[in-house]
Amino acid sequence: MYKLQSLKEAAGTISNQSTVALGGNVLHRAPMAFVRELARQEKKELRLVKTAGAHDIDLLCAVGAVGTVDAGFVSYETVYGLPPHYRKAVQTGEVKANEHACYTVISALRGASANVPFMPVSGLKYGDLLEHNDYFVVVEDPFTGEPVTLVRTIFPDVAVIHVQECDEEGNAIIDGPKFEDVLMSRAADRVIITTEQVVSPFRIKQNKEKIDIPAFLVDAVVHVPGGAAPASCYKKYDVDEKALREFIGLKEKQEIIEFVRKYDKKDYQHERRNRTW
Amino acid sequence: MYKLQSLKEAAGTISNQSTVALGGNVLHRAPMAFVRELARQEKKELRLVKTAGAHDIDLLCAVGAVGTVDAGFVSYETVYGLPPHYRKAVQTGEVKANEHACYTVISALRGASANVPFMPVSGLKYGDLLEHNDYFVVVEDPFTGEPVTLVRTIFPDVAVIHVQECDEEGNAIIDGPKFEDVLMSRAADRVIITTEQVVSPFRIKQNKEKIDIPAFLVDAVVHVPGGAAPASCYKKYDVDEKALREFIGLKEKQEIIEFVRKYDKKDYQHERRNRTW
Amino acid sequence: MVNYRISDLMTCTIADMLKDGETVFHGVSSQMPMVAMHLARKLHAPNLVHLNIPGGVNPSSVKQSSYSSAGSDLVEAGESYFPLDQIFDLSMRGKLDVAFLGGIQFDINGNVNASVIGDYHKPKVRLPGGAGSAVLIPTAKKAIIWRTKHDPRTFVEQVEFVTTRGNLWKIVTPLCVFVFKNGKLQLDSIHPHTTLEEVQKQTGFELIYDEVRYTKEPTAKQLQMLKQIDPYDYRSVEF
Amino acid sequence: MVNYRISDLMTCTIADMLKDGETVFHGVSSQMPMVAMHLARKLHAPNLVHLNIPGGVNPSSVKQSSYSSAGSDLVEAGESYFPLDQIFDLSMRGKLDVAFLGGIQFDINGNVNASVIGDYHKPKVRLPGGAGSAVLIPTAKKAIIWRTKHDPRTFVEQVEFVTTRGNLWKIVTPLCVFVFKNGKLQLDSIHPHTTLEEVQKQTGFELIYDEVRYTKEPTAKQLQMLKQIDPYDYRSVEF
């Protein structure tokens, strides 16, 4: 089945208050073109899910698209510093930060992939995260009587994953680290792939052992070369240092909108969904 | 670290009453040479774990090495028929059959890989398996108040996995279907690899993307070409129909011992652990 | 009038139950549904997603599967890899449309026994076990059971042990098709070569039916395609 | 007497804490432990297992890691792939020997704060979050924290929020090494360039110590190897 959609179409399927799992990790292979389109379409009160987010979460917080963030870590990497817009949004109370232990995001997504309401987590034993968050609870193991911590499952409505190669049916190949993306594709109700390249049936067949997400799990394929920029995309491009430093320095919402607009041409270059292989 | 051991040495590390997870599935890539060595060494009261077993479980039941079997299915494939020795051992009460739903074996092993005492299973809702087995329990989900079934975790002492290629350090590559083997390598306390080929560091480096079990998880590597026979081993050999039919027809324990003895030469061909690449 | 055998009829009947775009799973010792799934893909359901234990998605051929429907050939011929543990997860998420499952005993209330005859802990006969049935029959949208034996010991008033029950949809036998409806196993159709009397004689409970329908015969196109995709007749391996 | 900087000293001190054969993990923004692990592998711990977020086991080089210690270069240079989710599982199983973790505030009782200053739900300052700390510090056999800031706001009597506590072993700062022993953060050694007075002045709680030991200086061999494995000085990126 042919699943190519334009960026506008695919982002148009995301309703406000959706739970959105974002692929990639910190500054690597984040689905930034899709994130920018969510900003352009002025989505509201999204619940974002990621083990460790950076520019993606920061940008959506900057434009007021976020209601809740479930993550273990939100920050740029060492040399780029802290995420100003996320911090501000949480500190003003506009965004609810559900702090996880990275692993508990993974556990909560594993829960969704197996459709169970919670997952036991053996490592989460001490501290105030347990006290202050209603998505953690300590119960008695019915087999041994010992205490065990449960994390409530997070069921993403959609996972948005940027990959290097995907065919028109949705068979997707991630080059390099896969982070939580494969898990997200199994945890989410719908899967949207944005891809550097739309590859031919022949090429995908030649590389079938490398397929990370089989087509039948995928709802839409969006062709966006550069779709992770200014984050990195392995084998395609590195982090765009200038853009990131510029973004972190921005204060006003209008400046953010201008920043996003500068990507319009690149993000929309395949908007007509012309076959390219 | 050099981890090559002889078959005798490696099997010698398995103590009676151990919980042993066996790789492969029905007649495919079962670690038969290792299983035969367990029989030769007259192990007792082993607890065998596998989603779907066949000749491996049947043989160990035939020689009286088994205490408990945790599996979803124990049978040969269609044309070969039912496992006579397993059935007899269970029917006489010598072996305890813990019937699982295949998936609950997987869940129980996932529990071990995350070191939690149980795993929730959403699909197991009805029937007598829930009533008659103490490793299933229905509890109330603390988040929603709904009932949820838990399966008690199975912690294997050792996973025994037969692969096509492994280096001397334990980096193992499974060609073709992996079944539950990768999961078992993460669930077990110790991992023993039996391998068709011991490959050079250079070759493993060239194929590093195909490594399913990284060396640091592996305790011992045993070089046994034909180590899955009479089960199949993808890209190496198909099922040995004659041997299977012969085995299924055997009745007396002495006949079984003879059957195993016929494999001695093949199973021990690399007993001296000479480097072969 | 075309010439066909019971195994052809059963295979085509199963294929006809499958719709385009559905995700469909078969397990081990399941040559007949495997061939039926492939037949459906070749004829009316090109977008059916064929899932199996070794993990080969949509194998382009099932010709090499000889004694096994859980062999590596399905991965080798597959278009991608999606193994058993993930298929179970898929079913738990309500995204498996059809699961093919076996069983030894079935009763009028839709209960399946694949576990034991006699006491569970000290059985008279230890059966192979339900494999994935106990989690798939409750979670797959439609569970189809095929059975090449139809006698009063297979279809009983009450099974000796309930391995599972749930979303049982159809049972296909050499004599008829049962449908599970309103909590009861009902006669859906009887095969053209048999009679209501014979089906009743071979069934251990009183048949429930509104009218007696006959199972649709295989079409010439189906039979021709069967020869092509299953030249070694694996669909008949249980006969 | 050799010439070195604080970042060199800290890196070598960390490397010296690692033993041959240990499984060791570092996360994001962790260039210093990453270089230290590589240093240990090159010198006294060739069988140390280097694990990281992208999943490259034992990367043969960390030279390409520029701004990131979570980049694809670690997989490209790795000998096999073992990603984050499995590293967590490994730690849960008690098979992770050492985890390197950060944090913003630490107190005398071994509590770590990486979450908030002020109220958790309406924080004065939202910190980046503890990442894996809350599950790794309780489960790794030894948790090592490194921190390039040592002031009275970092080392406090009592943290404002307990993100986690557990198997904290050592904390390495530009001034000293703390060891967590008998439930208290104690002075393990002070760096050669500082004084007990300065460490006390920069620490928000009363220092606990039996005797004052000095941290071992980097050896010439270590410094030479550092130049070779970290030519772009990523170990100093936080200074």
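Because the structure is a prediction, the values reported are computed rather than measured.

## A short note on the overall build of chain C
Helices and strands together make up the secondary structure of chain C, namely seven helices and 14 strands. Against the compact-globule benchmark of 18 Å for 239 residues, chain C has a radius of gyration of 17 Å, which places it among compact chains. Taken along its principal axes, the extent of the C-alpha atoms in chain C is 50 × 45 × 30 Å. Within chain C, buried positions represent 67% of all 239 residues. A separation of at least 24 residues holds for 68% of the contacts in chain C among residues at least 6 apart in sequence. A total accessible area of about 8400 Å² is found for chain C, and carbon and sulfur atoms account for 49% of it. Once the 25 positive and 25 negative side-chain charges of chain C are each reduced to a mean point, those two points are 1 Å apart.

## What about the interface of chain D and chain A?
Residue-level contacts link 45 residues of chain D with 50 residues of chain A. For the chain D and chain A pair, buried surface summed over both sides reaches about 3900 Å², with 59% attributable to carbon and sulfur atoms. Among the residues of chain D in contact with chain A, Tyr67, Arg126 and Pro128 of chain D are the three that bury the most area, contributing 20% of the side total. Here chain D is connected to chain A by three salt bridges. Taken together, the connections running from chain D to chain A amount to 19 residue pairs in polar contact (both at pLDDT 80 or more). For the side of chain D that touches chain A, the secondary-structure elements that each account for two or more residues are helix 3 (73-76), helix 4 (84-92), strand 9 (123-126) and helix 5 (133-139) of chain D. If you tally residues by element for the side of chain D that touches chain A, the top one is helix 4 of chain D, at five residues. Taken together, the residues that form the side of chain D that touches chain A break down as 22 nonpolar, 15 polar and eight charged.

## Let's talk about the pairing of strand 5 (residues 66-71) of chain B
Residues and elements named next belong to chain B. Burial runs high along strand 5: six of the six residues are buried. In the sheet, strand 3 (residues 46-49) pairs with strand 5 via four bridges, with the strands oriented parallel. Residue leucine 46 lies in a different strand from strand 5, and its bridge partner there is valine 66. Relative to strand 7 (residues 96-99), strand 5 is paired through four bridges, and the arrangement is parallel. The partner of valine 69 across the bridge, within strand 7, is alanine 97.

## A short note on the domain arrangement of chain A
Along its sequence, chain A is carved into domain 1 (7-102 + 155-261) and domain 2 (118-152). For domain 1 of chain A versus domain 2 of chain A, the separation of C-alpha centres amounts to 30 Å.

## Details of the packing of helix 1 (residues 6-16) of chain C against helix 2 (residues 31-42) of chain C
Residue and element names in this part refer to chain C. Where helix 1 meets helix 2, the axes come as close as 8 Å, and the angle between the chain directions of the two elements is 55°. With respect to helix 2, the element helix 1 is oriented oblique. The crossing of helix 1 and helix 2 is right-handed. Facing Ser7, Met10, Thr11, Cys12, Ile14 and Ala15 of helix 1, the residues of helix 2 in contact are Met32, Val35, Ala36, Leu39 and Ala40.

Calculation rules
- Residues numbered from 1 in each chain as written.
- Chains lettered and ligands numbered in written order.
- Predicted model: local features only at pLDDT ≥ 70, side-chain atom pairs only at ≥ 80, totals over all residues.
- Heavy atoms only, no water.
- Helix = DSSP H or I, 4+ residues; strand = E, 2+ residues; numbered from the N terminus.
- Rg over C-alpha atoms; globule rule 2.2 N^0.38 Å.
- Buried < 20%, exposed > 50% of the residue type's maximum accessible area, 1.4 Å probe, protein only.
- Contact = heavy atoms within 4.5 Å.
- Areas by Shrake-Rupley, 256 points an atom, 1.4 Å probe, with all protein chains shown as cover.
- Lys, Arg positive; Asp, Glu negative; His and termini not counted.
- Charge placed at Lys NZ, Arg CZ, Asp CG, Glu CD.
- Buried area = accessible area lost by both parts, 1.4 Å probe.
- Salt bridge = Lys/Arg side-chain N within 4 Å of Asp/Glu carboxyl O.
- Polar contact = N/O pair within 3.5 Å; in protein donor to acceptor, adjacent residues only side chain to side chain.
- Nonpolar A, V, L, I, M, F, W, Y, C, P; charged D, E, K, R; others polar.
- Pairing = 2+ DSSP bridges.
- Domains from an automatic or database assignment.
- Axes fitted to C-alpha atoms, helices over the stretch in contact; angles between N-to-C directions.
- Parallel < 35°, antiparallel > 145°, perpendicular 65-115°, else oblique.
- Left-handed = near helix turned anticlockwise from the far one by under 90°.

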